[in-house]
Amino acid sequence: MAGFQDIIGQEHIKEHFMNALEQQRVSHGYLFHGERKSGKEFIAKIFAMALQCEKEGIEPCQQCHSCKQALSSNHPDIILVTHEKPSSIGVEDIRLQVNQDICIKPYKSSKKVYIINDGEMMTIQAQNALLKTLEEPPDYAVIMLLVSNLSAILPTLISRCIVMNMHPVEDKEIKKYLMEKIKVPDYQANMCVAFARGNLGKAKALASSEDFDKMKEEAVTVLRHMDDLEIGDLNAAIKRIQEFKLDIHDYLDILMIWYRDVLLFKATNDVNELIFKEEISYIHKRANKSAYEGIERILNAIDKAKARLNANVNFDLAMELLMLTIKEN
């Protein structure tokens, strides 16, 4: 971890926090809203470290004892709220780790900071318990709630917080980060950027994921030879998808980007804008074979498959319908 200068994008959030530190006008409640892996926790921890920094500047110095404790996740006045159940944050988690603990003054700092990740997992009872604390917080308390789904949070709880909406990071910034910091080659950076859709954390995760590379190769193999595959082959491919330890939406995104490339090449005959540049011979072949309407039907079918899976439709059925639509078009 470093300072605010190391946050990629999110200029509005950096500016807000640096002004709050400079003017010493820190709120008791902040709500970070954004996709998973979008950097909510990274920013929250930097702000927490800056609040506790002994230099009391607008950037954490990273050298004082307090900053070193924060960097090692060992600061007594920065509390990361945990939960026993994997799928929910219960009322007892909030009562024990926040409501009761907050009555104890900071051990060594002027502030006591609580970071609640996966805030949408709080039960209604847990949210109401947190609301009571936010209605009358001690002067030294700062509570940061990190959520991916704002609709799961009570409006009364949201109203007690300053809401920080995470914005998508520009593709060129993500690509620059991947190539300079993680040393990812150009073609791989382009692929990760296309999938991340402005989410830097997701781009980083994909860049270092062996499973993603295997999933991509599996999907591309199916797409290359779609015309020659029988129903049994497609069913076998569907079974193999489930072996990957990744979100099925990542697989569907591979299909989506492939057919967008086909559509783009069919319309422009330009290789330079393609994500799957290295597959140009197959992209060219598919573009010649498929009509515009057929490609659009495939892209719509991929969207429908995502919607069906989100609605808990049987996985094999949803994927079989998709594969048949792809083969027919």
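Please read these numbers as outputs of a predicted model, since none were measured by experiment. (Residues numbered from 1 in each chain as written. Predicted model: local features only at pLDDT ≥ 70, side-chain atom pairs only at ≥ 80, totals over all residues. Heavy atoms only, no water.)

Engineer: Pulling in residues and values, what's your account of the overall build of the protein?
Structural biologist: Within the protein one finds 15 helices and five strands. Reported as C-alpha extents along the three principal axes, the dimensions of the protein are approximately 70 × 40 × 30 Å. The buried share among the 329 residues of the protein stands at 49%. A total accessible area of about 16,700 Å² is found for the protein, and carbon and sulfur atoms account for 49% of it. Across the protein, the 41 positively charged side chains and the 48 negatively charged ones have centroids separated by 1 Å. (Helix = DSSP H or I, 4+ residues; strand = E, 2+ residues; numbered from the N terminus. Buried < 20%, exposed > 50% of the residue type's maximum accessible area, 1.4 Å probe, protein only. Areas by Shrake-Rupley, 256 points an atom, 1.4 Å probe, with all protein chains shown as cover. Lys, Arg positive; Asp, Glu negative; His and termini not counted. Charge placed at Lys NZ, Arg CZ, Asp CG, Glu CD.)

Engineer: Can you tell me about the nonpolar core, naming the residues and giving the values?
Structural biologist: Nonpolar side chains tend to gather and get buried jointly when the protein is soluble and globular. Formed by 57 residues in total, the largest nonpolar core has its most connected members in Leu178, Tyr251, Leu252, Leu255, Tyr259, Met319 and Leu322. Here this core gets 12 residues from one element, more than from any other, and that element is helix 12 (residues 248–268). If we skip the residues at most four places from it in the chain, Tyr251 touches Met215, Ala219, Val222, Ile241, Met319 and Met323. (Core = buried A, V, L, I, M, F, W, Y, C linked by side-chain atoms within 4.5 Å. Contact = heavy atoms within 4.5 Å.)

Engineer: Residues and numbers for the sheet that holds strand 3 (residues 112–116), please.
Structural biologist: Within the open sheet, the five strands sit side by side as 2-3-4-1-5. Their pairing is parallel. Edge positions in the sheet fall to strand 2 (78–80) and strand 5 (162–165), since each of these pairs with one other strand and no more. Within the sheet, the average angular offset between the axes of one strand and its neighbour, ignoring direction, is 20°. Bridge analysis of strand 2 against strand 3 gives three bridges, and the strand direction is parallel. Note on strand 3: the bridge partner recorded for Ile78 is Val113. Against the sheet, helix 2 (residues 40–52) touches strand 1 (29–33), strand 2, strand 3 and strand 4 (141–147), its axis set at about 170° to strand 4. On top of the sheet, helix 5 (residues 124–135) reaches strand 1, strand 3 and strand 4; it is set at about 145° to strand 4, its chief contact. (Pairing = 2+ DSSP bridges. Axes fitted to C-alpha atoms, helices over the stretch in contact; angles between N-to-C directions.)

Engineer: Help me get a handle on the environment of Met122, residues and values and all.
Structural biologist: In this structure, Met122 sits in the loop between strand 3 and helix 5. With a relative accessible area of 4%, Met122 lands in the buried category. Separated by 114 residues in sequence, Met122 and Ile8 place their C-alpha atoms 29 Å apart. Setting aside anything within four residues of it in sequence, one finds Met122 in contact with Ile89, Ile94, Gln127, Leu130, Leu145 and Leu157.

Engineer: So, the side chain of Asn99: which residues are in play, and what are the values?
Structural biologist: Residue position: Asn99 is located in helix 4 (residues 91–99). For Asn99, a relative accessible area of 18% corresponds to the buried category. Of note is the side chain of Asn99, whose polar atom sits 3.1 Å from the backbone oxygen of Ala129. Looking at Asn99, its side chain comes within polar contact range of the side chain of Thr133, at 2.7 Å. Those residues within four positions of Asn99 in sequence are excluded, and the remaining contacts are Ile94, Ala129, Leu130 and Thr133. (Polar contact = N/O pair within 3.5 Å; in protein donor to acceptor, adjacent residues only side chain to side chain.)

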